[in-house]
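What follows is each chain in one-letter form.
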Amino acid sequence: MGAAIEVSGVSKRFRRKDPFSGRVDVQALSEVSLGVARGSALAVMGENGAGKTTLAKVVMGLVTADGGEARLFGRAVRTPGEAGAVAGFVPGEDRSLFLRLSGLENLRYEAGLRGIPATAFSERLRELSEVFELPGILATRAADLSAGQRQRIGLARACLHDPAILVLDEPSRSLDARVSLRLWEFLRAERLRGKAVLLFTHRREEAEAVSDRAVVMKGGRIEREETLAEARPGAGFQDPPPSPRRPSFARALLSGVRRSFLEDGGTLLSNAFWILGIGAELASFFFLGRLVGEARMMPLASYGGRFFPFVFVWILFQEMHASALYHVAAEVRSGQSTGTLETVLLASARPLAAFLPSTLRSLAKSALLSSVLFAVFCAATGAVPAP
């Protein structure tokens, strides 16, 4: 049977700046090669720091290799979106959910980015809810779930689009024994359906329960290979699966709008500080104008020589543009630190649709608030700019 996953001579070096000794290079992977056939499972074992997570992210296109390449169904992985279209990924860190959304809303957002119709989403969710025991936790905000409960949501999200490949980094982490057994049974059944499973784990019992082969990594290299059980290839996917249908931009955008407004419900305190920031800006410019002297400010002529309304107009436009850009920068920075950015990149071939709603919302909020404040000030003082 043809290989679903091929990793050929992959190397990766991370360069970090040490404040005391200068640059420090860490060789995370060195000439790693492996393959996983359809209907089989390979366990990649090793201690922490062996390079397992880096290898998983190279396979999913989240980390670019310095040398070598990863291929899925014969196609070189270039972007996370390409890999995520045919593979489901469970990251090794408990940080990939939007914490202000419920478990159900996290899954619904994923379905929207992938263009999964509502009916198909409901049917698939019913199947996965039974496997991962989701009914009791779907309505709860991710921030209020335990680590094990969040892991169950993450497993369901990785399997939501019924991918032909599963790449799992410590999938039973934080799970209790009962759910772990259900997960292993599910993965064995997926193998019999012809799916390829690449399992990263340090637990031998997990490797033996799911996989037929194992490789042991140490120091970024494959140290040895082991046979765990008789290979039991599945019957499906004799040929590479067809290229997945690319979800429409409108559907991905609508999903992003929904997620954006649901998350904004928890940012009232930050909005209050943002409004105070506008007031602080105005106060600073007011006292600066008093210090410099209005007579020296030639641009004030069309405003009747009044400094304060002139500054208000400037802030109106400054807030409209800068606030939107700051908001996007903050969202990307938060996504990088929490893992949600990886989720978006893997789930959507159109990542712009995931960030555009937040940008537009921030821009509209800035324009509306600045305009209202400006109108109130002008009405109260009669300081209307001359035509």
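As a starting point, this report considers the structure included with it. (Residues numbered from 1 in each chain as written. Predicted model: local features only at pLDDT ≥ 70, side-chain atom pairs only at ≥ 80, totals over all residues. Heavy atoms only, no water.)

What follows covers the overall build of the protein. Looking only at helices and strands, the protein has 12 helices and 10 strands in total. Expressed as a percentage of the 387 residues in the protein, the buried residues total 48%. Across the protein, contacts joining residues at least 24 apart in sequence account for 72% of those joining residues at least 6 apart. For the protein, the exposed surface amounts to about 18800 Å²; the carbon and sulfur share of it is 59%. (Helix = DSSP H or I, 4+ residues; strand = E, 2+ residues; numbered from the N terminus. Buried < 20%, exposed > 50% of the residue type's maximum accessible area, 1.4 Å probe, protein only. Contact = heavy atoms within 4.5 Å. Areas by Shrake-Rupley, 256 points an atom, 1.4 Å probe, with all protein chains shown as cover.)

This paragraph deals with the nonpolar core. Residues Leu107, Phe132, Leu134, Ile153 and Val210 are the most contacted members of the largest nonpolar core, which totals 39 residues. Going through the elements one at a time, strand 3 (41-45), helix 3 (103-114), helix 4 (118-132), helix 5 (147-159), strand 7 (165-169), helix 6 (177-192), strand 8 (196-201) and helix 7 (204-210) are the ones with two or more residues in this core. In contact with Ile153, other than residues within four places in its own chain, are Leu97, Gly103, Leu107, Leu134, Ile137, Leu138 and Leu145. Judged by nonpolar contacts, the second largest core, of 34 residues, contains Ala4, Ala56, Ala83 and Leu346. (Core = buried A, V, L, I, M, F, W, Y, C linked by side-chain atoms within 4.5 Å.)

Moving on: helix 3. With 12 residues, helix 3 extends 17 Å between its outermost C-alpha atoms, agreeing within 8% with the 16 Å of an ideal straight helix rising 1.5 Å per residue. Burial analysis of helix 3 places 10 of its 12 residues in the buried class, which makes it a mostly covered element. Buried within helix 3 are the following residues: Gly103, Glu105, Asn106, Leu107, Tyr109, Glu110, Ala111, Gly112, Leu113 and Arg114. Downstream of helix 3 by one or two residues, Gly115 has phi in the positive range, about 75 degrees. (Expected span 1.5 Å × (residues − 1).)

Attention now moves to unusual backbone geometry. Even without being glycine, Phe73 reaches a positive phi, approximately 55 degrees. Note that Phe73 resides in the loop between strand 4 (67-72) and strand 5 (75-76). The backbone of Glu170 shows a phi angle near 50 degrees, a positive value even though the residue is not glycine. Residue placement: Glu170 occurs in the loop between strand 7 and helix 6. By relative accessible area, which is 12% here, Glu170 ends up buried.

Everything listed here is a matter of coordinates, which is why it stays silent on function.
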